[in-house]
Amino acid sequence: MRKGAPKKAAPAEKAASAKKKAAPAAKAASAGKAAPAKPAPPAKKAAPKAETRTALVRRARRINRELAEVYPYAHPELDFENSFQLLVATVLSAQTTDLRVNQTTPALFAKYPTPEDLAAAVPEEVEEILRPCGFFRAKTRSVMGLSKALSEEFGGEVPGRLEDLVKLPGVGRKTAFVVLGNAFGRPGITVDTHFQRLVRRWKWTEQTDPDKIEAEIAALFPKSDWTDLSHHVVWHGRRICHARKPACGACPVAPLCPAYGEGETDPEKAKKLLKYEKGGFPGQRLNPPQAYLDAGGRPAPPLGAG
């Protein structure tokens, strides 16, 4: 062998190396399949595109327009004949249904038709009338207190200014806007539990504080829309977009809703979840507006009936 020439591998070493390389392939072939390929990494999903402010305003206003077509007769669901009755009924509606308030107030207003009458009432007698509304002792103090304030500070008249209304016992911004919008024709947004739930589902706001919700929603709509917007949203929340089982399959604004699918999406099953006139049941008011009756709505029964 010449000096510096590469050393040749022995025949035994070559055979062992070839056998080692061929072993995996032979094993796979004997099993009747090829060696498994390395799985490809999952494709990354594109992040959802953030909605622009302009797109949000357009979507919010379109939802309101479509709800206005579904509920052209939307109205406050408390029975009242004047601003005093609306104020008292709204205070009583806390922690109970409008229906229960409507079934209770006829006896209250028959006995105490004016603020002066209610301010001078015997508390125990008022409590007995208001017992069906729940929290009847606290509510008695509130309605008698606000009646006394109306008698002594406002000449027995309900004031038409927000800053005056919120000074009355038991009256907050929500109650004040109900009265201003429906008794005085002054626009306001009523942020009740239904309103809060829906505007968050629709991604109009992420706020949880009622005052901040009110401010953010007000900025999406012209002031002239505020009162009717409140009615449309509350009506939809009571009838279709329920808290626990929203009837997504029967929702007229489903294509515009980011939360579609949280509830029942099957149209037939969703129809069984509908409440009030959409499901053939009576509404909240014993004496609803004529437009509601003309549209097929049914008045609620009085307290103790059926």
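Residues numbered from 1 in each chain as written. Predicted model: local features only at pLDDT ≥ 70, side-chain atom pairs only at ≥ 80, totals over all residues. Heavy atoms only, no water.

A. Just the overall build of the protein chain, in detail. Helix and strand counts for the protein chain stand at 14 helices and zero strands. Of the regular secondary structure in the protein chain, the N- to C-terminal order runs α-α-α-α-α-α-α-α-α-α-α-α-α-α. Each of the 306 residues in the protein chain was classed as buried or not, and the buried ones make up 42%. In the protein chain, once contacts between residues fewer than 6 apart in sequence are set aside, the share between residues at least 24 apart is 59%. By element, 55% of the accessible surface of the protein chain is carried by carbon and sulfur atoms, the whole surface being about 17800 Å². (Helix = DSSP H or I, 4+ residues; strand = E, 2+ residues; numbered from the N terminus. Buried < 20%, exposed > 50% of the residue type's maximum accessible area, 1.4 Å probe, protein only. Contact = heavy atoms within 4.5 Å. Areas by Shrake-Rupley, 256 points an atom, 1.4 Å probe, with all protein chains shown as cover.)

B. Representation of the nonpolar core in the model. Among the nonpolar cores identified, the biggest contains 36 residues, and F195, W202, W204, I217, L220 and F221 are the most heavily contacted of them. Looking at this core, the elements that each hand over two or more residues are helix 2 (53-70), helix 10 (193-201), helix 11 (210-218) and helix 12 (226-239). Ranked by the residues each element gives to this core, the list is headed by helix 2, at five residues. Residue contacts for I217: discarding those within four places in its chain leaves I189, F195, V199, W204, T205 and L229. Membership of the second largest hydrophobic core comes to 33 residues, among which are L86, L92, F136 and V158. (Core = buried A, V, L, I, M, F, W, Y, C linked by side-chain atoms within 4.5 Å.)

C. Highlighting the packing of helix 10 against helix 12. Packing of helix 10 against helix 12 brings their axes to within 8 Å, and their N-to-C directions diverge by 85°. The pairing of helix 10 with helix 12 is recorded here as roughly perpendicular in orientation. Along its contact with helix 10, which presents H194, F195, R197 and L198, the element helix 12 presents L229, S230, V233, V234, H236, G237 and R238. A per-class count over the contact of helix 10 with helix 12 returns five nonpolar, four polar and two charged. (Axes fitted to C-alpha atoms, helices over the stretch in contact; angles between N-to-C directions. Parallel < 35°, antiparallel > 145°, perpendicular 65-115°, else oblique. Nonpolar A, V, L, I, M, F, W, Y, C, P; charged D, E, K, R; others polar.)

D. Representation of unusual backbone geometry. Even without glycine at this site, K203 takes up a positive phi of about 60°. Mapped onto the fold, K203 is located in the loop between helix 10 and helix 11. The phi torsion at Y276 lies on the positive side, around 60°, for a residue other than glycine. Within the secondary structure, Y276 sits in the loop between helix 13 (267-271) and helix 14 (290-294).

E. Main features of the state of the cysteines. Counted according to the given criterion, the structure contains zero disulfides. The closest cysteine sulfur to the non-disulfide-bonded C251 is located on C257, 6.3 Å from its own sulfur. Cysteine C257 shares no disulfide, and the gap to the nearest cysteine sulfur, in C241, comes to 6.1 Å. (Disulfide = S-S within 2.5 Å.)

F. Up close: the layout of surface pockets. Within this model, the largest pocket holds a volume of roughly 560 Å³. Contributing to the lining of the largest pocket are 26 residues, with S93, D98, K174, D192 and R238 lying nearest its centre. At the level of elements, helix 9 (173-183), helix 10 and helix 12 are the ones that each hand at least two residues to the lining of the largest pocket. A total of six residues in the lining of the largest pocket trace back to one element, the largest contributor, which is helix 12. (1 Å grid on protein atoms, 1.4 Å probe; cavity = no way out; pocket = protein on both sides within 12 Å on 5 of 7 lines; lining within 4 Å. Points joined across faces, edges and corners; volume = space filled by probe spheres on them.)

G. Looking closely at helix 9. Those residues of helix 9 lying buried are T175, A176, F177, V178, V179, L180 and G181. Taken together, the buried residues of helix 9 touch helix 3 (83-92), helix 8 (162-165), helix 11 and helix 12. At the exit of helix 9 stands G185, carrying a positive phi of roughly 70°.

H. How the structure looks around the packing of aromatic side chains. In this structure the tally under the stated criterion is seven aromatic pairs. A centroid spacing of 5.6 Å and a plane angle of 65° characterise the contact between Y73 and Y292, whose relative ring orientation is edge-to-face. Of this pair, Y73 sits in the loop between helix 2 and helix 3 while Y292 sits in helix 14, and the two are 219 residues apart along the sequence. This pair shows no difference in class: Y73 is buried, exactly as Y292 is. Between W202 and W204 the ring centres are 4.9 Å apart and the planes differ by 45°, which places this aromatic pair in the tilted class. Exposure class is identical for W202 and W204. Each is buried. Taken together, the ring pairs connect Y71, Y73, W235 and Y292 into an aromatic cluster. Positioned above the aromatic ring of W235 is the side chain of R239, whose terminal nitrogen or guanidinium carbon lies 3.6 Å from the ring centre. (Phe/Tyr/Trp six-rings, centres within 6.5 Å; stacked < 30°, edge-to-face > 60°. Lys NZ or Arg CZ within 6 Å of the ring centre and 35° of its normal.)

I. Quick look at empty space enclosed by the protein. Within the structure shown, the criterion is met by one cavity of 30 Å³ or more. The volume enclosed by the largest cavity comes to roughly 100 Å³. Split into classes, the residues belonging to the lining of the largest cavity amount to ten nonpolar, one polar and two charged.

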